[in-house]
Amino acid sequence: MENVKKFRSKKGRERTTNIIVYVILIVISIVWLFPFFYLVMQSFRCETAGTPSTQYFFPKKWGFDAYEKLFTDTSILNFPKWYLNTLIISVVVTIVQTVIVLATSYALSRMRFKMRKPLMNLMLILGMFPGFMSMTAVYFILKEFGLTQNLFGLILVYVASSAMGYYICKGFFDTIPKSLDEAALIDGANRQKVFLKIILPLSKPIVIYTILTSFIGPWGEYMFSSLMMMGSDTNSYTVAVGLRLMLQREQIGGWFTAFCAGAVVVSIPITILFLFLQRYYVEGVTGGAVKG
Amino acid sequence: MADLAYLTKSPLEKFVYNFLNFFKRLPLAILHFFQKLPGRIWKGLKKFGGIFVTIYRAAARGDWKTRMSFGVMGFGQLARKQWLRGLLYLVLEVAFIFYMIFFGWKYLAQMGSLGRIAELSWDSPDGTTQYVRIDNSLLILLYSFLTIFVIAAVIYAWYQNIKGNLYAQELYEAKQHLATAKDDIRSYADEQYHKTLLAGPMLGVTVFTILPLVFMVFIAFTNFDNAHYPPSRLFGWSGFDNFVMLFGGGANITSAKFAYTFGQVLLWTVIWAFFATFTNYILGMVVALLINKKGIKLKKLWRTCLVMTIAVPQFVSLLLMSQMLADEGAFNFLLGKIGIHIPFLTDATWARVSIIVVNIWIGIPYTMLMVSGILMNIPADLYESARIDGAGPVKMYFKITLPYVLHVTTPYLITSFIGNLNNFNVIFLLSGGGPNSLDYQFAGKTDLLITWLYKLTFQQGSYGIASVISIMMFIITAAVSLIVYNRSGSVKNEEEFM
């Protein structure tokens with residue numbers, strides 16, 4: 001009898017802790033989702049067009065006015081153009097960066113050559129300089145060639161140093177058994193074949209991770225794009241730079257709800273991508289953490 | 001501490017012990033580094049000497065084909081029917097000569113002065129002022145470095161050409177097969193595949209990272225600022241003036257202000273990085289543990305709620321937060337209902353606290369995701385055997401979970417610390433570095449070194465000083481990383497629970 005009682009009380013205790021945990025989780029979820037809820041609500045507000053609402057959260061009048069303004073009122077702030085700019089940049093950056101990262105990682109992970117260690121050390125040291133520092137000089141270089149204030153220059157900046165982000169991908173390649181390569185080499189395949197036909201097909205998670213991160217990067221990147229677009233007309237902005245412009249003192253009066261709408265439109269594709277590919281992202285992040 | 005005493009400590013104590021040990025061992029490590037230095041330099045010199053030995057051998061032993069290659073690169077290869085290599089060397093040499101004559105030497109010659117006359121202007125007959133630009137210090141400096149890089153690369157190629165010739169000659173004398181153009185091409189997909197793979201990436205890194213960095217390091221020794229801004233004005237070498245200025249050694253009041261600002265901003269940067277890293281880490285782990293607790297349902301839903309914040313671009317969440325935290329923003333409206341007004345971003349202390357809190361909100365999902373992944377990897381039989389041995393959940397947490405997670409994530413912890421030292425987005429988009437302070441030189445109370453740099457360069461044009469600050473930042477990051485990477489070896493050996 002006593003045993004049963006003990007068992008029950010233990011079970012009861014577990015239930016209480018579980019309830020507490022549920023309460024905490026619900027609070028956390030609300031705290032985390034509240035700002036986005038607010039964002040979506042604001043984007044559907046259409047009565048006092050634009051001004052930042054401080055009086056209420058739920059729109060008094062619902063409607064798509066903000067979205068309409070965002071996509072039609074393009075004379076000063078051309079959101080559709082920014083969106084297109086960012087999309088073009090993201091797609092190109094994704095392709096080039098993925099190729100560069102995979103190539104660098106493969107070479108550093110699977111091949112042995114004299115310069116391998118020095119190269120890795122060099123990139124480690126380069127990574128310790130504030131990225132901003134080289135940016136100033138890159139800006140002058142590109143300005144000299146007339147490449148600032150246009151998309152090509154920005155793409156070049158994003159892509160050029162992407163080799164330095166090889167760590168996570170190399171960590172993944174390191175876990176693939178070397179014997180696979182050796183067997184293939186004995187069978188007469190060359191290195192290129194090993195890379196393209198054996199290693200790559202085995203590396204689907206990390207390829208998707210690389211694609212995902214390099215696609216998302218340009219959408220949220222503010223520092224470099226604001227530098228590169230400094231002084232240019234607003235048509236060549238990216239969404240990050242443009243949306244911030246909407247919140248400047250001169251614009252915020254008329255554009256706040258449009259900003260919210262813009263933020264929602266920007267977030268949708270990435271959120272969808274993310275929800276589908278979450279698994280790969282986790283694999284990439286944890287893989288990288290394990291490898292250091 | 002003896003190994004045994006170390007092993008009996010709890011994981012947290014171990015962590016603290018190791019952490020403190022970093023700093024205790026640091027002076028010794030630095031000393032050790034300098035002790036090893038002469039040996040390394042000697043080794044390097046010996047290697048360097050080897051280059052001359054090869055050149056001498058090529059000159060002394062080489063046949064006429066090899067010797068001709070000293071002047072005409074690729075001659076020997078062409079003569080030995082290695083068409084591809086020879087042609088490439090020859091083209092390189094010709095291109096280099098043209099480059100130097102028509103472009104390189106002009107800039108290199110002016111490197112010492114960085115230009116004499118910026119522009120000449122005169123009044124033209126129609127009443128307007130005409131001008132012609134002559135020297136541009138910026139371009140002179142930039143192209144001089146480019147030229148030095150090119151010269152170094154060509155010298156290296158020249159050495160490879162000689163070495164290759166000597167090798168080919170020796171092979172020929174030993175009557176062995178010489179690599180033909182076809183062999184060369186094939187080897188770039190095989191033994192030399194790394195060269196094919198790395199050529200493009202490394203070119204990008206060289207042009208867009210190394211060259212600019214070298215350039216910026218040298219900018220620290222010039223007086224490049226708004227008053228000396230090319231192309232209408234020149235700047236020149238100024239030695240260590242900028243360093244003196246930043247550390248308060250200058251005679252004027254600005255220098256003292258710079259020194260004060262630098263100290264304060266650096267202090268806040270370190271405090272920020274510390275809190276940002278550890279709050280995120282600890283709280284993220286707690287959230288992950290809650291979600292992964294046995295008996296909790298809808299795990300995927302909770303996780304997705306948090307992951308949403310990763311998926312929404314960071315700048316959106318940050319801009320939104322900055323609006324909500326504004327004096328007239330949503331939070332103050334809510335608080336206003338109970339008669340409170342909090343200057344979230346306009347009071348220095350509040351701004352600092354709000355930024356750290358918002359950063360927790362941004363950062364927890366990342367830690368949560370990562371820790372969840374790790375938790376799933378912990379072998380279940382560890383818990384099983386602990387349970388059989390009579391361990392309770394708390395004990396299992398401190399003896400299994402925590403050590404495991406700490407072990408795996410220490411490198412992550414350190415990289416995220418370094419990342420936070422340079423966290424531009426959070427500060428710039430949230431508070432813009434504000435509230436501004438009159439005691440600071442062009443900085444606000446929440447400015448990190450990196451946002452201060454941004455303001456100094458692109459708003460104030462003080463490139464010289466900014467680049468000194470960059471160098472300081474490099475030294476700090478490098479010091480932290482050095483300690484860490486020396487340590488992480490011992491992290492990896494610490495596999496007592498595996």
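On a predicted model such as this, the values are computed, not experimentally measured, just so you know.

(A) Molecular detail of the overall build of chain B. A tally of regular secondary structure across chain B gives 19 helices and two strands. Taking the principal axes of its C-alpha atoms as reference, chain B extends roughly 90 × 80 × 45 Å. Relative to its full complement of 498 residues, chain B shows a buried share of 47%. Once local pairs closer than 6 in sequence are excluded, the contacts in chain B between residues at least 24 apart make up 63%. Taking the average location of the 41 positive side-chain charges in chain B and that of its 27 negative ones, the two points are 8 Å from each other.

(B) Local environment of the packing of helix α6 (residues 137-173) of chain B against helix α8 (residues 193-219) of chain B. Residues and elements named next belong to chain B. Between α6 and α8, whose axes approach to 10 Å, the crossing angle comes to 125°. The orientation of α6 with respect to α8, classified from their angle, is oblique. Considering how the two elements wind past one another, α6 and α8 form a crossing that is right-handed. Along its contact with α6, which presents Leu138, Leu141, Leu142, Phe145, Leu146 and Phe149, the element α8 presents Thr206, Ile210, Leu211, Val214, Phe215, Phe218 and Ile219. When grouped by side-chain class, the residues that make up the contact of α6 with α8 number twelve nonpolar, one polar and no charged.

(C) Region of the structure containing helix α3 (residues 64-71) of chain B. Of all the positions in α3(B), only Lys65(B), Thr66(B) and Ser69(B) are classed as buried. Down the axis, α3(B) shows its buried residues gathered within 100° of arc, on one side only.

(D) Broad picture of the environment of Leu402(B). Considering the arrangement of structural elements, one finds Leu402(B) in helix α16 (residues 393-421). Setting aside residues no more than four positions away along its own chain, Leu402(B) makes contact with Leu12(B), Met285(B) and Tyr397(B).

(E) Region of interest: the pairing of strand β1 (residues 119-123) of chain B. Residue and element names in this part refer to chain B. Note: β1 against strand β2 (residues 129-133), five bridges, orientation antiparallel. The residue bridging Asp123 from the neighbouring strand is Thr129, located in β2. The antiparallel hairpin formed by β1 and β2 contains five residues in its connecting segment, where Gly127 sits at a positive phi of about 95°.

(F) Quick look at the interface of chain B and chain A. Contacts between the two partners involve 91 residues from chain B, matched on the other side by 90 residues from chain A. Across the interface of chain B and chain A, roughly 8300 Å² is buried in total on both sides, 81% from carbon and sulfur atoms. Taken as a group, Phe208(B), Phe315(B) and Phe458(B) account for 9% of the area that chain B buries against chain A, more than any other trio of residues on that side. At the surface where chain B touches chain A, the tally comes to zero salt bridges. The interface formed by chain B and chain A contains eight residue pairs in polar contact (both at pLDDT 80 or more). In terms of residue count, the dominant contributor to the side of chain B that touches chain A is α8(B) (17 residues). Residue classes in the side of chain B that touches chain A are distributed as 68 nonpolar, 17 polar and six charged.

(G) Structural detail: the domain arrangement of chain B. Residues and elements named next belong to chain B. The domains assigned to chain B are domain 1 (1-50), domain 2 (62-239) and domain 3 (253-493). Computed over C-alpha atoms only, the centres of domain 2 and domain 3 are separated by 43 Å. Counting residues at the interface gives nine residues for domain 2 and eight residues for domain 3. Area buried by domain 2 at its contact with domain 3 is led by Ala220, Phe224 and Asn226, which between them contribute 52% of it. Our count for the contact surface shared by domain 2 and domain 3 stands at zero salt bridges. Taken together, the residues of the side of domain 2 that touches domain 3 sort by class into six nonpolar, two polar and one charged.

(H) How the structure looks around the nonpolar core. Of all hydrophobic cores here, the largest spans 207 residues; its most connected members are Phe79(A), Tyr106(A), Phe215(B), Leu246(B), Trp272(B), Trp452(B) and Ile469(B). Per-element accounting of this core gives the leading share, 15 residues, to helix α13 (residues 249-291) of chain A. Those residues in contact with Tyr106(A) that sit more than four places away from it in its chain are Met111(A), Phe173(A), Asp181(A), Arg191(A), Val194(A), Phe195(A), Ile199(A), Tyr193(B) and Leu197(B).

(I) Local environment of the packing of helix α7 (residues 167-175) of chain A against helix α10 (residues 204-220) of chain A. All names here are of chain A. Between α7 and α10, the shortest axis-to-axis distance is 10 Å and the interhelical angle comes to 175°. Put simply, α7 runs roughly antiparallel to α10. Contact residues: Ile168, Cys169 and Phe172 in α7; Pro205, Ile206 and Tyr209 in α10. Split into classes, the residues belonging to the contact of α7 with α10 amount to six nonpolar, no polar and no charged.

(J) Molecular detail of the environment of Phe247(B). Residue and element names in this part refer to chain B. In this structure, Phe247 sits in the loop between α9 (241-246) and α10 (253-291). Owing to a relative accessible area of 45%, Phe247 belongs among the partly exposed residues under this scheme. Sequence separation between Phe247 and Ala259 is twelve residues; the distance between their C-alpha atoms is 4.9 Å. Discounting chain neighbours no more than four positions away, the residues touching Phe247 are Ala259, Phe262 and Met472.

(K) Quick look at the confidence of the model for chain B. Residue and element names in this part refer to chain B. With 95% of its residues at a pLDDT of 70 or more, chain B shows a mean pLDDT of 84. Taken element by element, the predicted model of chain B shows its lowest mean pLDDT in helix α1 (residues 3-8) (70) and its highest in helix α5 (residues 83-109) (91). Scored below 50 in pLDDT, residues 489-498 makes 14 contacts in the model with residues more than four places away or belonging to other chains. Reported for the predicted complex are a pTM of 0.82 and an ipTM of 0.82.

(L) Quick peek at the side chain of Thr279(B). Along the polypeptide, Thr279(B) turns up in helix α10. Thr279(B) gets classed as buried once you look at its relative accessible area, which sits at 19%.

Rules behind the numbers
- The residue numbering used here restarts from 1 in each chain and proceeds along that chain's sequence as written.
- In the order they appear in the text, chains get letters beginning with A and ligands get numbers beginning with 1.
- Where totals are concerned, whole chains, interfaces and linings use all residues; where local detail is concerned, this predicted model gives features only for residues with pLDDT of at least 70, and gives and counts side-chain atom pairs only at 80 or more.
- Excluded from the side-chain calculation are hydrogens and water; included are all heavy atoms of the structure.
- Counting from the N terminus, the helices are the DSSP runs of H or I reaching at least four residues and the strands are the DSSP runs of E reaching at least two.
- Each residue gets one of three labels from its accessible area relative to the maximum for its type: buried under 20%, exposed over 50%, partly exposed in between, using a 1.4 Å probe on protein chains only.
- Residues are treated as being in contact if the distance between any of their heavy atoms lies within 4.5 Å.
- Note that His is not counted, nor are the chain ends; the positive residues are Lys and Arg, and the negative ones are Asp and Glu.
- In plain terms, the charge of a residue is placed at NZ if it is Lys, CZ if Arg, CG if Asp and CD if Glu.
- An axis is simply a line fitted to the C-alpha atoms; with a helix, the fit covers only the stretch in contact. Between two such axes, the angle follows the N-to-C directions and lies from 0 to 180 degrees.
- Orientation is classified from the angle alone, with under 35 degrees giving roughly parallel, over 145 giving roughly antiparallel, 65 to 115 giving roughly perpendicular, and any other angle giving oblique.
- We call a crossing left-handed when the near helix sits turned anticlockwise from the far one by less than a right angle, and right-handed when that turn is clockwise.
- Residues are grouped as follows: Ala, Val, Leu, Ile, Met, Phe, Trp, Tyr, Cys and Pro are nonpolar; Asp, Glu, Lys and Arg are charged; all remaining types, including Gly, are polar.
- In this description, one arc is meant: the one made by directions from the helix axis to the C-beta atoms.
- We treat two strands as partners when DSSP finds at least two bridges between them.
- Throughout, the accessible surface (probe 1.4 Å) given up by two parts as they are put together, summed over both, is called the buried area.
- Salt bridges are defined by distance alone: a side-chain nitrogen of Lys or Arg within 4 Å of a carboxyl oxygen of Asp or Glu.
- Counted as a polar contact is a pair of N or O atoms within 3.5 Å, where, for protein atoms, one must be capable of donating a hydrogen and the other of accepting one, and residues adjacent in sequence contribute only when both atoms are in side chains.
- Where each domain begins and ends follows an automated or database-derived domain assignment.
- Buried residues of nine kinds, namely Ala, Val, Leu, Ile, Met, Phe, Trp, Tyr and Cys, make up a nonpolar core once their side-chain atoms join them within 4.5 Å.
- Confidence scores here are pLDDT values: one per residue, from the predictor, ranging 0 to 100.

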